[in-house]
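Listed here are the chains, written in short residue letters.
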There are 2 protein chains.
Amino acid sequence: MTFTKRTHNCGELRTAQIGKTVTLNGWVDGRRDLGGMIFIDLRDRWGITQVTFVPQHNAEVHERAHELRSEYVLSITGTVQGRPEGQENKDMATGEIEILVDEFQILNRAEVLPFEIEDEVEAHEDLRLKYRYLDLRRPLMQKYAMLRSSVYQVVHSYFAEHDFVEVETPTFIKSTPEGARDFLVPSRIHRGKFYALPQSPQMYKQILMVAGFDRYVQIVKCFRDEDFRADRQPEFTQIDLEMSFVTAEDVYAITEGLVARMLKECIGYDVQTPFLRMSYDDAMEQYGTDKPDLRFDMKLVPLNDLVVNSGFKVFADAAQKGGTVTGFCVKGKAEYSRKQLDELTEVAKKFGAGGLVWMKVEAAEMKSPVAKFLSPEILAQIQSAMGAEEGDLLLIVADADKRKAQKAAGSLRLHLGKELGLCDPNKHALLWVVDFPMFAYNEEEGVWEPEHHAFTSPKAEDIEKMDTDPGAVRADCYDFVWNGNEAASGSIRIHDSAMQTKIFERLGLSDEELQEKFGFLVESFKYGAPPHGGIALGLDRVVAILAGLTSIREVIAFPKTNTALSLMDGSPSMVDERALKDLHLDIRKEEKKP
Amino acid sequence: MTFTKRTHNCGELRTAQIGKTVTLNGWVDGRRDLGGMIFIDLRDRWGITQVTFVPQHNAEVHERAHELRSEYVLSITGTVQGRPEGQENKDMATGEIEILVDEFQILNRAEVLPFEIEDEVEAHEDLRLKYRYLDLRRPLMQKYAMLRSSVYQVVHSYFAEHDFVEVETPTFIKSTPEGARDFLVPSRIHRGKFYALPQSPQMYKQILMVAGFDRYVQIVKCFRDEDFRADRQPEFTQIDLEMSFVTAEDVYAITEGLVARMLKECIGYDVQTPFLRMSYDDAMEQYGTDKPDLRFDMKLVPLNDLVVNSGFKVFADAAQKGGTVTGFCVKGKAEYSRKQLDELTEVAKKFGAGGLVWMKVEAAEMKSPVAKFLSPEILAQIQSAMGAEEGDLLLIVADADKRKAQKAAGSLRLHLGKELGLCDPNKHALLWVVDFPMFAYNEEEGVWEPEHHAFTSPKAEDIEKMDTDPGAVRADCYDFVWNGNEAASGSIRIHDSAMQTKIFERLGLSDEELQEKFGFLVESFKYGAPPHGGIALGLDRVVAILAGLTSIREVIAFPKTNTALSLMDGSPSMVDERALKDLHLDIRKEEKKP
């Protein structure tokens, strides 16, 4: 179609252009008919400009303008003029001018929309996802998309400046260690065979180090076929990097530089580097989680020493049996009602606590259902240890399983932090959690499993404990925690084929499995693999955090639902018999439930 | 492991650093033992530095150095010193210095390699692909990877400067129009349903225009399950872009700017914009292809007018029946022997020609098997029309199917161009081929099919012919041709839902098919779609061209073979029964061949 192309976008005209003839292309954002004059807010990605149809100026054009409706696409040509005194709009970048229309053309019409294009949309998310192309027109969604685009730009330029090589790793790969969660792609040419889609490019980026690329980065789509939980996507994006001849310190430094740059360039936030570092043990003890949210305080305080000989069986037992008694102080909440405390107890139980002990610090005494079991001295010591003052509420969990008690208390801390609005929304709390255990014992299957993944190097000083005390071996891995989210995770890798084999043995992999699953990587280590390590940042989460959002769906252009459906295009969908035949596949009949 | 980290890389030391103590980390590229001194070329991504072990300097270190072998990974510390007079190497950036080693550490050992790490590798490509991590250590392969990385950087910065938004479109989509070539991903959660992997993000980028993003770009992995031909990959990478409120001219300008920038920044080549434009008809007539290689001339010359009444039946028939008689002049090749000409005839036949007429321009006469059927006047006219001089060879093809004759002659032209080395390897020939036909008639199935794709807009002036003469309708699409490769392809899209429906009808799609396949896009056009158009560049091909290579496998880090195998990781591979059960799939038994 032929149409008059814009001379300017809808966000750039100012008083300096008054008197100029201009053409704008855009959407009708709103329309008002006032005393014969018709005002249109014309919108594009860059902003909104008011255009005015005046019967005295051009009667025919004004008459035709009566047809215009919301979301019609227009090309308008007219003269920039200052708005009349008192009609300026200081909230709009273009609010001091308007366009007196000489001519216009309707480039496309619009039916009545399923919901309005405005930030405060009331439509259900399902409707927004179905009409994503309308949802994405909302200025807020455009802002998120621009923010995401600016994050890409920071990544591109930052790593180029630091001499990283951008390399694309393959999307069709061999099924990986975490194989059970691989998405698979049937091969048509090779009957009965499948490619896997990468859950991460882990082995390939390590191969790139073996190949001598030294510093690799890629923004890469990854795939995981999980049972869908809230805010998980079958496909997600990572900022993936790997470096040779480095220790963890080098990975911290490059990551911190990136994050600081993102905060500064994308949202104008200044942050100091280096970031805080916290051991896994400390994080668990003080926050009851390996991804503590440091935007608010309310630390856990272990009370074992105070209560181990208290005689109060619940506490003493937990402390004596290698567990813990731990809790935190909620400032000024001694006012909580019995009902509120009962509710908190239920929440704590949901988080795995056996029960919840509360204590109110009142003027004369500590008020608590368990006060009678504890001496006044111990109560005073507890109050003091937890930094409690009059009017504060103490919440305490005890369990013979230390981690269980810590996790329950930590989850309760987070729950209350959110409920009480303790997080400063304008603050970013960034830290490294380090010194994770290398292995976790899987009680059910009676095997040791890697906490991070099978390619992570144990800490040099812990290697000797590998056979004697695997649970005490720490891994040379690190999580980057941002406002309570695990925003990135990485490690120094094993680069020695003997060590790698030893780890695989420790994990109970047979030679055959090893060869089948990781053969090419282990093989590559025989030909001169350099020391190397890296990290991967979850880009969707990072953008959501920068945008101040909790849902990553808001920062993904075309997300799937929690059950992995695309409501816009209707995928996944049935395919025809011919396609199945080409792929040598049959759909299994559903097994009857017995 | 603990090791001494480098202070410099292996490519950066110069005479300015003489006297400094430095540490380098890298691979043993080569080793010479000369009169008691041991010389190691230490290599990393940045270059090679000579390190020297001298017994008089440090006997113990020198003794240990005897163990070193090719591709061992080292950390060496020593003093930079100038090389002795006459031993400088001007071909190496670091060739004026060497490192006198004080201390070193073996970071990893290497077994004997399956092939040498050097540019002139004799190993079969299969072996190179299996040990890709070694293949990629070769300086040439590293150079290609760096070139590819620099192309990404140009794309990132160029489009950011031009205010494009980078958006990720989904990898799990609905099966597309070209559905038969989709790779499919079975859903575990939704029994019997599949996602498709995108052959291109076509519909999604158009949706982004409907959503008002105005200028979109993405470097995106795409997938096509073709029967593999040489140099095709199941996954490939596109530079994908789309723009709103534009005509083809705007797309040309942005693409030309990008290509000029790539040529300049990545390989230092200057090119003038705008590029040449050529209609599809002219390209076919003059070069017998829609992707002419203009690095050499040797144009086709249609001879219809000269031969239509010649009386020579082969020529006259072709000309009279709507076909063509066309050929080209090979400079100085009248010397070709009968054997050579017979071989050329076979080549021409393989390209679809019924036969090949040759004429040698000799001093006294035109020598040709068909000379006796043509008058001396016509022979002289042919010679003149084809710009032939004494010593030249004319090659002529005739067919009642015009395109068939053109294609055969064009392919023969290309064949000879390559064989005779007519392409200047230092020249880049860039052009747009435009004015493609909108539809092609599929004789077999008796239907019209889109030449480009179903979303391409017809040229405004041809719309009226849509019903009466579909074959004469031209599309508003364009191919960007680079050294004879279709490096990019794009079009102005339909943005009007009525027009889109009309095109679909013309293509014989039922309402149901339409709804099933393209429903969401057509639906989106009802809510204010702007005029828009775009293009996609084949990144793998572009990098190969910039590198002066013909095979894209050389510029892909981990390519598949022509039968879509990964020789390094062994994918695709069998999966276990549990995985199949989870996906509700069975492998079909192979049908017995009757």
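Residues numbered from 1 in each chain as written. Chains lettered and ligands numbered in written order. Predicted model: local features only at pLDDT ≥ 70, side-chain atom pairs only at ≥ 80, totals over all residues. Heavy atoms only, no water.

Undergrad: Describe the sheet that holds strand β6 (residues 165-166) of chain B, with residues and values.
TA: Each strand in a sheet pairs with its neighbour through backbone hydrogen bonds, running either in the same direction (parallel) or in the opposite one (antiparallel). Residue and element names in this part refer to chain B. Taking strand neighbours across the sheet as the criterion, the eight strands line up as β6-β9-β10-β22-β21-β20-β17-β11 in an open arrangement whose pairing is mixed. Of all the strands in the sheet, just β6 and β11 (276-279) have a single pairing partner and so form its edges. Inspection of the sheet shows strand β9 (residues 215-223) paired to strand β10 (residues 235-244) by nine bridges, in the antiparallel sense. Directly across from C222, in β10, lies its bridge partner F236. (Pairing = 2+ DSSP bridges. Helix = DSSP H or I, 4+ residues; strand = E, 2+ residues; numbered from the N terminus.)

Undergrad: Got a sec to walk through the relation of the copies chain A and chain B? Specific residues and values, please.
TA: Of the transformation superimposing chain A on chain B, the axial component is 0.0 Å and the angular component is 180°, with the fit at an RMSD of 0.1 Å. What the superposition gives is, in effect, a two-fold axis relating one chain to the other. Interface residue correspondence from chain A to chain B reaches 100%, placing this contact among same-surface, isologous pairings. (Least-squares fit on C-alpha atoms with pLDDT ≥ 70 in both. Contact = heavy atoms within 4.5 Å.)

Undergrad: Describe in detail the domain arrangement of chain A, supporting the description with residues and values.
TA: Domain boundaries assigned for chain A yield domain 1 (15-108), domain 2 (142-278 + 431-555) and domain 3 (296-422). On a C-alpha basis, the centres of domain 1 of chain A and domain 3 of chain A stand 63 Å from each other. (Domains from an automatic or database assignment.)

Undergrad: For the sheet that holds strand β2 (residues 37-44) of chain B, give the residues involved together with the corresponding values.
TA: Residues and elements named next belong to chain B. Spatially, β1-β2-β3-β5-β4 is the arrangement adopted by the five strands of the closed barrel, whose pairing is mixed. Each strand axis lies, on average, 55° off the axis of its neighbour in the sheet, ignoring direction. Summarising the sheet, strand β4 (residues 73-82) and strand β5 (residues 97-108) pair through 10 bridges and their orientation is antiparallel. From the neighbouring strand, T79 faces β5, where its bridge partner is L100. (Axes fitted to C-alpha atoms, helices over the stretch in contact; angles between N-to-C directions.)

Undergrad: How would you explain the side chain of A:S573 if you had to name every residue and give the values?
TA: Structurally, the position occupied by A:S573 is in the loop between α16 (539-546) and α17 (577-582). Judged by its relative accessible area of 9%, A:S573 falls in the buried class. In this view, A:S573 contacts B:K174, B:G192, B:K193 and B:F194; residues no more than four positions away in its chain are not counted. (Buried < 20%, exposed > 50% of the residue type's maximum accessible area, 1.4 Å probe, protein only.)

Undergrad: So what's going on with the pattern of salt bridges? Residues and values would help.
TA: In this structure the tally under the stated criterion is 107 salt bridges over all chains. Taking the shortest distance from any N to any O, the salt bridge between B:E226 and B:R181 comes out at 3.3 Å. Linking B:E226 in the loop between β9 and β10 with B:R181 in the loop between β6 and β7 (184-186), this pair joins segments that are 45 residues apart in sequence. Since its relative accessible area comes to 41%, B:R181 is described here as partly exposed. In this structure, the salt-bridge partner of B:D317 is B:K321, at a minimum N-O distance of 3.8 Å. Relative accessible area serves as the criterion here: at 58%, B:K321 is assigned to the exposed category. A single salt-bridge network, built from bridges that share partners, covers A:D435, A:K459, A:E461, A:D462, A:K465 and A:R474. (Salt bridge = Lys/Arg side-chain N within 4 Å of Asp/Glu carboxyl O.)

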